[in-house]
Amino acid sequence: MVYMKNVSTLKLDKDLCTGCGRCTEVCPREVFTIENRKASITNLDNCLECGACMNNCAFKALNVKSGVGCAAAMVKGLLKYGDMDKGTCGCENGGCC
Ligand code: SF4
Ligand code: SF4
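What comes next is a walk through the structure.

So, how was this worked out
- Residues numbered from 1 in each chain as written.
- Chains lettered and ligands numbered in written order.
- Predicted model: local features only at pLDDT ≥ 70, side-chain atom pairs only at ≥ 80, totals over all residues.
- Helix = DSSP H or I, 4+ residues; strand = E, 2+ residues; numbered from the N terminus.
- Buried ≥ 20, exposed ≤ 12 C-beta atoms within 10 Å, placed from the backbone.
- Near = placed C-beta within 6 Å.
- Nonpolar A, V, L, I, M, F, W, Y, C, P; charged D, E, K, R; others polar.
- Pairing = 2+ DSSP bridges.
- Core = buried A, V, L, I, M, F, W, Y, C linked by C-beta atoms within 7 Å.
- Contact = placed C-beta atoms within 7 Å.

### Remarks on the overall build of the protein
Stage number 1. Helix and strand counts for the protein stand at three helices and four strands.
Stage number 2. For the protein, the α and β elements follow one another from N to C terminus as β-α-β-β-α-β-α.
Stage number 3. The buried share of the protein, taken over its 97 residues, is 29%.

Put into structure tokens, the structure is as follows:
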């Protein structure tokens, strides 16, 4: 599922990346791949801005504005219902996520 196109605030600083692969392990949406010993954002539109990658990157190579809007609701849906598509944001779209 693509969350939204071109809206994720996720940024990767390849100069800081060591290619440790931790982001590929913690990301629930398979946003990253490791290419040539560096992380690469290969599925940006899958990102739901949960912040797990940023919080687990020991080299401060990742930045994302996490915990806001529908993305946060999707994470709550995942935690509460085991399904990130059953969010609980209650937005005017009536359960878009
Ligand atoms: S966790 Fe950070 S340093 Fe490790 S591969 Fe991902 S971006 Fe690079
Ligand atoms: S913010 Fe969450 S969904 Fe987006 S790339 Fe990082 S771990 Fe994956």
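Picking up after the structure, the text goes on.
### Side note on the site of ligand 2
Stage number 1. Around ligand 2 sit 14 residues in total, of which C27, V31, C47, C50 and C53 are the nearest.
Stage number 2. Along the lines of polarity and charge, the residues of the shell around ligand 2 split into eleven nonpolar, one polar and two charged.

### Here we look at the site of ligand 1
Stage number 1. Taken together, 13 residues lie near ligand 1, and C17, C20, R22, C23 and C57 sit nearest.
Stage number 2. Of the residues contributing to the shell around ligand 1, the split by class is nine nonpolar, three polar and one charged.

### Regarding the environment of G51
Stage number 1. Mapped onto the secondary structure, G51 falls in the loop between β3 (38-41) and α2 (52-56).
Stage number 2. Given 19 C-beta atoms within 10 Å, G51 falls into the partly exposed group.
Stage number 3. Counting along the chain gives 24 residues from G51 to C27, while the straight-line C-alpha distance between them is 8.8 Å.

### A short note on the pairing of β3
Stage number 1. Sheet analysis places strand β2 (residues 32-35) next to β3, joined by four bridges and oriented antiparallel. Note that in β3 the partner of T33 across the bridge is S40.
Stage number 2. Hairpin connection between β2 and β3: a loop of two residues separates the two successive antiparallel strands, and N36 in this loop has a positive phi of roughly 50 degrees.

### So, the nonpolar core
Stage number 1. Ranked by size, the top nonpolar core spans 18 residues in total, and within it C23, C27, C53, C57 and L62 carry the most contacts.
Stage number 2. Here this core takes three residues from α2, the largest share from any one element.
Stage number 3. C23 has contacts with F32, A39, C53, N56, C57 and L62, leaving out every residue within four places of it along the chain.

### A look at unusual backbone geometry
A negative phi angle is the norm for most residues apart from glycine, just as the trans form is the norm for most peptide bonds.
Stage number 1. Positive phi is not limited to glycine here, since N36 has a value of about 50 degrees.
Stage number 2. Locating N36 in the fold gives a position in the loop between β2 and β3.
Stage number 3. Residue N36 is classed as exposed on the basis of its 7 C-beta neighbours within 10 Å.
Stage number 4. With phi around 55 degrees, K60 is a residue other than glycine that occupies positive phi space.
Stage number 5. Tracing the chain through its elements places K60 in the loop between α2 and β4 (62-63).
Stage number 6. Given 10 C-beta atoms within a 10 Å radius, K60 is considered exposed.

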